[in-house]
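This is what each chain is made of:
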Amino acid sequence: MNEHSPLTMKDIARELGVSVATVSRALKDSPRISVERREAIKAYAREHNFAPNLLAESLRHSRVHPVRIIGVIMPQLNHFYFSSILSGIEEEASARGYMLMVAQSGERYEREVRICQSFYENKVCGIIVSQAKDTVKYDHFERLIDNGVPLVFFDRICTGINSSRVVVDDYMGAYNAVTYLVETGCRRVAYYGSSMHLEISKNRYNGYRDALLRHGLPADERYMRICDNRADAELITPELLAMPDRPDAFFAVNDDTAIGILYTAKRLGFHVPDDISICGFTNGERAIACDPMLTTVEQRGRVVGEEAANILIAQAEGFISPQKVEKRIVRTRLIVRGTTR
């Protein structure tokens, strides 16, 4: 057990060689458990500062005026997509009588772990989260679930945990965008994506690759880069545009990266979209603030947030069983503007 993580009933059960159900009953003074065993379990819990999440438990069994606070963990708050999701969560939560406790991980695993522990200690009735980019261990999420805290992932889901999630159709969004690029005459489509340990990155890459293969074009690794921000795009793009058989189109994992490509291409004297087509993924406010305006895949972040809040509240209030995993997909759509032919 991580010394910085809260003790769970599962930890107590493992240490004492009993079931989680036995620990739960003992802590509630159930007569089904012998007095000796009850006292041993309660003594161990006291010695190790065990703090059950009573609010989450009360929400599942009560319909009358519980304290209603939902924890929300965002990788970053200054990203249009995440802020639009937060707006959707807040709108749905407020309408249902809930308030939010919001924190950002800053894309750091250690900070994400601390936030989860803080939310647990503050007795939130559930947590909505998009994992940080460098999160590859999931004990902190598993401990929340073990302690009965409803957990709903959005956007960057944790495939190692069987938990509810809301995602957009990343595969089809990428597939349709690249199909459009090819059908408008592009033959060498570059791909700028995030780290492949993220599920959304895998799905968007697969959509990109399959669209090319479907049209008889190779998925050429020379045109693929791990790049998901504007600064890196401005550093990397000149190298690709200097190739003898340079890309004639770029598909980027988000709008900021696409705008970095656009800025660089124009600075180097290329005409967009006559020489190069560019497509992003988000449809944030910056997509219509550049020249030409950006063709992009709309993610509908507000709807993602509303769906995540809806699932979380239903689980917290007991309308959806904590054991039931809800999986919802929000459809994307391609918004064609001036950066494509």
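Refer to the structure above for everything that follows.
So, here's what we can say about the structure.

Conventions and cut-offs
Residues numbered from 1 in each chain as written. Predicted model: local features only at pLDDT ≥ 70, side-chain atom pairs only at ≥ 80, totals over all residues. Heavy atoms only, no water. Pairing = 2+ DSSP bridges. Helix = DSSP H or I, 4+ residues; strand = E, 2+ residues; numbered from the N terminus. Axes fitted to C-alpha atoms, helices over the stretch in contact; angles between N-to-C directions. Contact = heavy atoms within 4.5 Å. Expected span 1.5 Å × (residues − 1). Buried < 20%, exposed > 50% of the residue type's maximum accessible area, 1.4 Å probe, protein only. Arc of directions from axis to C-beta. Polar contact = N/O pair within 3.5 Å; in protein donor to acceptor, adjacent residues only side chain to side chain. Right-handed = clockwise from strand over helix to strand, strands pointing away. Parallel < 35°, antiparallel > 145°, perpendicular 65-115°, else oblique. Nonpolar A, V, L, I, M, F, W, Y, C, P; charged D, E, K, R; others polar.

### What to know about the sheet that holds strand 6 (residues 189-193)
Through backbone hydrogen bonds, the strands of a sheet pair up, either in parallel or in antiparallel fashion. Read from one edge to the other, the open sheet built from 6 strands follows the order 7-6-8-9-10-12, with strand pairing classed as mixed. The two strands at the open ends of the sheet, each matched to only one other strand, are strand 7 (224-226) and strand 12 (333-335). Taking the axes of each pair of neighbouring strands and ignoring which way they run, one obtains an average angle of 20° across the sheet. Bridge analysis of strand 6 against strand 8 (residues 249-252) gives 4 bridges, and the strand direction is parallel. Looking at strand 8, one finds that Ala-190 is bridged to Phe-250. The strands that helix 9 (residues 199-214) touches are strand 6, strand 7, strand 8 and strand 9 (277-282); relative to strand 6, the one it contacts most, it runs at about 175°.

### Observations regarding unusual backbone geometry
Across the junction of Val-272 and Pro-273, the peptide omega takes the value 10°, indicating a cis bond. Summarising the element assignment, Pro-273 is placed in the loop between helix 11 (255-267) and strand 9. Going from Asp-291 to Pro-292, the amide bond is cis rather than trans, its omega being 0°. Mapped onto the secondary structure, Pro-292 falls in the loop between strand 9 and strand 10 (295-298). Here Asn-283, not a glycine, exhibits a phi torsion of approximately 70°, which is positive.

### Here's the deal with helix 10 (residues 230-241)
Between its first and last C-alpha, helix 10 extends 16 Å over 12 residues, near the 16 Å set by a 1.5 Å rise per residue. By the burial criterion, the buried members of helix 10 are Ala-233, Ile-236, Thr-237, Leu-240 and Leu-241. Taken around the axis of helix 10, the buried residues stretch over an arc of 135°, which confines them to a single face. Buried residues belonging to helix 10 abut strand 6, strand 7, strand 8 and helix 11. Regarding helix 10, its N-cap is Asn-229, as a side-chain oxygen of that residue lies 3.2 Å from the backbone nitrogen of Ala-231 further along.

### Here's the deal with helix 12 (residues 301-316)
For helix 12, built from 16 residues, the straight-helix expectation of 22 Å at 1.5 Å per residue is met to within 8% by its first-to-last C-alpha distance of 23 Å. Every buried residue of helix 12 is listed here: Gly-301, Val-304, Gly-305, Ala-308, Ala-309, Ile-311, Leu-312, Ile-313, Ala-314, Gln-315 and Ala-316. Backbone geometry just downstream of helix 12 places Gly-318 in the positive-phi region, at approximately 90°.

### Regarding the pairing of strand 2 (residues 99-104)
Regular strands show a simple pattern: their side chains alternate between the two faces of the sheet. As paired strands, strand 1 (residues 69-74) and strand 2 are joined by 6 bridges and run parallel to one another. Looking at strand 2, one finds that Gly-71 is bridged to Met-101. The handedness of the strand 1 to strand 2 crossover, carried by helix 5 (residues 80-95), is right-handed.

### Focus on the packing of helix 2 (residues 20-27) against helix 3 (residues 35-47)
Look at helix 2 against helix 3: their axes get within 9 Å of each other, and the N-to-C directions meet at 90°. As far as their axial angle goes, helix 3 and helix 2 are roughly perpendicular. Together, Thr-22, Val-23, Ala-26 and Leu-27 of helix 2 and Arg-37, Arg-38, Ile-41, Lys-42 and Ala-45 of helix 3 make up the contact between the two elements. Considering only residue class, the contact of helix 2 with helix 3 consists of 5 nonpolar, 1 polar and 3 charged.

### As for the environment of Pro-75
Looking at the element boundaries, Pro-75 is found in the loop between strand 1 and helix 5. Separated by 54 residues in sequence, Pro-75 and Val-129 place their C-alpha atoms 8.5 Å apart. Once residues within four sequence positions are removed from consideration, Pro-75 is found in contact with Phe-82, Gln-104, Ser-105, Gly-106, Glu-107, Ser-130, Gln-131 and Arg-156.

### Quick look at the sheet that holds strand 1
Here we have 6 strands laid out as an open sheet, ordered 2-1-3-4-5-11, and parallel in their pairing. Each edge of the open sheet is held by one strand with a lone partner, namely strand 2 and strand 11 (327-330). Going across the sheet, the axis of each strand differs from the next one's by a mean of 15°, ignoring polarity. Where strand 3 (residues 127-129) lies against strand 4 (residues 151-154), 3 bridges are found, and the strand directions are parallel. In the strand pairing of strand 4, Val-129 is matched with Phe-153. Across the sheet, helix 5 lies against strand 1, strand 2, strand 3, strand 4 and strand 5 (164-168), angled at about 175° from strand 1, the strand it touches most.

Nothing here speaks to function; it is all geometry.
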